[in-house]
Amino acid sequence: MPQHIDRMGHVNNAVWVQWMEALATAHWEAVASPEHQAAYVWLVVRHEIDYRGNIREGDSAQATTWVEAPPEGARFERRYEFRNEAGKLIVAARTQWAMLDIAAGRIMRVPADLAEQFLRGS
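Because the structure is predicted, anything quoted here is derived from the model rather than measured.

1. Section: the overall build of the protein chain
Regarding its fold elements, the protein chain presents 3 helices and 5 strands. Reading the helices (α) and strands (β) of the protein chain from amino to carboxyl end gives α-α-β-β-β-β-β-α. In terms of overall dimensions, the protein chain has a C-alpha envelope of 45 × 25 × 25 Å along the principal axes. In the protein chain, which comprises 122 residues, the share counted as buried stands at 33%. Long-range contacts, defined here as pairs at least 24 residues apart, represent 63% of the contacts in the protein chain between residues at least 6 apart. In the protein chain, which carries 13 positive and 16 negative side-chain charges, the distance between the mean positions of the two groups comes to 6 Å.

2. Describing the nonpolar core
Counting residues in each nonpolar core, the largest one holds 25 residues, and the members touching the most others are Trp28, Met99 and Phe118. For this core, the secondary structure elements donating two or more residues are α1 (13-31), β1 (40-51), β3 (75-84), β4 (89-101) and α3 (112-119). Here the element with the most residues in this core is α1; it accounts for 6 residues. Those residues in contact with Met99, other than ones at most four positions away along the chain, are Trp28, Tyr40, Val41, Trp42, Ala74, Arg106, Ile107, Met108, Arg109, Val110, Pro111 and Leu114.

3. Some remarks on the packing of aromatic side chains
Aromatic ring pairs are described here by two measures, namely the spacing of the ring centres and the angle between the planes. Tallied over the full model, the rule gives 7 aromatic pairs. Here Trp19 and Phe82 contribute two aromatic rings whose centre-to-centre distance is 6.5 Å and whose plane-to-plane angle is 40 degrees, an arrangement assigned as tilted. A residue pair is termed long-range when its members are at least 10 positions apart, and Trp19 in helix α1 and Phe82 in strand β3 qualify at 63 residues. Judged by its relative accessible area of 27%, Trp19 is partly exposed. Plain terms: the ring middles of Trp42 and Phe76 are 5.8 Å apart, the flat faces sit at 75 degrees to each other, and that makes the pair edge-to-face. Here Trp42 is found in strand β1, whereas its partner Phe76 is found in strand β3, with 34 residues between them in sequence. As far as the burial class goes, Trp42 and Phe76 line up, both buried. Here the aromatic residues Trp28, Trp42, Phe76 and Phe118 are joined through ring pairs into a cluster of three or more.

What counts, and where the lines are drawn
- Residues numbered from 1 in each chain as written.
- Predicted model: local features only at pLDDT ≥ 70, side-chain atom pairs only at ≥ 80, totals over all residues.
- Heavy atoms only, no water.
- Helix = DSSP H or I, 4+ residues; strand = E, 2+ residues; numbered from the N terminus.
- Buried < 20%, exposed > 50% of the residue type's maximum accessible area, 1.4 Å probe, protein only.
- Contact = heavy atoms within 4.5 Å.
- Lys, Arg positive; Asp, Glu negative; His and termini not counted.
- Charge placed at Lys NZ, Arg CZ, Asp CG, Glu CD.
- Core = buried A, V, L, I, M, F, W, Y, C linked by side-chain atoms within 4.5 Å.
- Phe/Tyr/Trp six-rings, centres within 6.5 Å; stacked < 30°, edge-to-face > 60°.

Dropping the structure here:
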């Protein structure tokens, strides 16, 4: 989409972050129960992104996201990879998310049963 392209003719860095958030949200909604989704929300604590390439308007990329390690207290680390049409890795990232209990309005430890769902390779 033209609004995603920067002055260099590439996807803007902020758009990659938006896509990471959309991937994380889709994964959460696919794996977490409706009860968990109603009770908890995730907040970004930290992004770390390695840009190894880019795509231009009209190009496409394949994205993958996963959680490979148990949470540390309230924090969970999610990884992402974006590959271009040739399969070359163009963006690799990790984001730390913190879980918020919506009713209490406070950061909380990630429940073990919830973490387990994401660690099973869902």
